[in-house]
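Residue-level structural notes
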Amino acid sequence: MIQTQQLCLSYGSTEVLKNINLTFKPAGVTSIIGPNGAGKSSLLSLVCRLQQPTSGSVTLNRELLGQIKSSDLARKLAVLRQENHIVARLTVEDLVCFGRFPYHQGRPSVTDKAKIDSAIDFLDLQPLRLRYINELSGGQRQRAFIAMVLAQDTQYLFLDEPLNNLDMKHSVNIMQRLQQAAQVMHKSIIMVMHDINFAACYSDEIIAMKQGQIIYQDCPQMIMQSQVLEKIYDMPLKVVEIEGRPLCLYYR
């Protein structure tokens, strides 16, 4: 499992994260929610070693993340950042193949090709397989990037705003597929989410952040309560139950 101990991040005198103590389970869907500036993306960047903490530590199976070889770490966790810029002219297939680089090192094997095919099928990208990334819509491009990290076939997947640029149909489809990957493939999928209703519907656990700290960590049923959400977001929110699921009404 991945654990953080007293994790802190500061820029000069500005504290971004304060004493974060978390355990990410080896399977299931976890959503990280909270207002803008809460430190959600910063937390992901530290846990994925994209950035160094000011103090504290991150361990993977009790081994310090900083002491794990990059080639080994790439086989254990994958990350999809909020902004992805591709300069090279790549097809969807090329991009997904790149997710297998920690294994094939530029020479894809039969196993690699099978993983690539599986990820492309999983995200319904077969019709776009040979299209160039810069020719795709924002939503199609986002699905291609998610296919890339799925093809990496790691135990942990960290996704920063995976529903960016997706319409309702594809947002639901992506969340269903990610939930399926967690349940069937026994992966741990950790996502930064803005839509609390999507987080509540598809997550096993929700982590709520505010001002650089964890203020709640619980199952969706415990988080999706008016008084809890009002404390997180500093605004009046109403939670209702529809077909047995809690739904927050914030378009009021």
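The structure displayed is predicted, hence computed values, not measured ones.

So, on to the overall build of the protein. What the protein contains, in helices and strands, is ten helices and twelve strands. For the protein, whose C-alpha radius of gyration is 18 Å, the value lies close to the compact-globule estimate of 18 Å for 252 residues. In terms of overall dimensions, the protein has a C-alpha envelope of 50 × 45 × 30 Å along the principal axes. Across the protein, the fraction of contacts at a sequence separation of at least 24, relative to all contacts at a separation of at least 6, is 64%. In the form shown here, the protein has an accessible surface area of approximately 12,700 Å², with 49% of it arising from carbon and sulfur atoms. Here the protein holds 26 positive side-chain charges and 23 negative ones, and the gap between their average locations is 4 Å.

So, on to the sheet that holds strand β5 (residues 63-64). Judged by pairing direction, the sheet is antiparallel, and its four strands sit side by side in the order β2-β1-β4-β5 without closing on themselves. With partners counted over all chains shown, the strands left at the sheet margins are β2 (14-24) and β5, one partner each. In this sheet, β2 lies alongside strand β1 (residues 2-11) in antiparallel orientation, the contact comprising seven bridges. In the strand pairing of β2, Ile2 is matched with Phe24.

For the protein, the assigned domains are domain 1 (1-70 + 156-168 + 185-225) and domain 2 (77-153). Look at where the C-alpha atoms of domain 1 and domain 2 centre, and you get two points 24 Å apart. Listed per partner, the contact involves 19 residues of domain 1 and 15 residues of domain 2. Roughly 1,400 Å² is buried in total at the junction of domain 1 and domain 2, and carbon and sulfur atoms are behind 65% of that figure. Connecting domain 1 to domain 2 are one salt bridge. Of the charged contacts in the structure, one is a salt bridge between Asp153 and Lys187, with a shortest N-O distance of 2.9 Å. For the pair domain 1 and domain 2, the interface holds seven residue pairs in polar contact (both at pLDDT 80 or more). Among the elements that make up the side of domain 1 that touches domain 2, the one with the highest residue count is strand β7 (residues 156-160) (five residues). Tallied by class, residues from the side of domain 1 that touches domain 2 come to 13 nonpolar, three polar and three charged.

Basis of the calculations
Residues numbered from 1 in each chain as written. Predicted model: local features only at pLDDT ≥ 70, side-chain atom pairs only at ≥ 80, totals over all residues. Heavy atoms only, no water. Helix = DSSP H or I, 4+ residues; strand = E, 2+ residues; numbered from the N terminus. Rg over C-alpha atoms; globule rule 2.2 N^0.38 Å. Contact = heavy atoms within 4.5 Å. Areas by Shrake-Rupley, 256 points an atom, 1.4 Å probe, with all protein chains shown as cover. Lys, Arg positive; Asp, Glu negative; His and termini not counted. Charge placed at Lys NZ, Arg CZ, Asp CG, Glu CD. Pairing = 2+ DSSP bridges. Domains from an automatic or database assignment. Buried area = accessible area lost by both parts, 1.4 Å probe. Salt bridge = Lys/Arg side-chain N within 4 Å of Asp/Glu carboxyl O. Polar contact = N/O pair within 3.5 Å; in protein donor to acceptor, adjacent residues only side chain to side chain. Nonpolar A, V, L, I, M, F, W, Y, C, P; charged D, E, K, R; others polar.

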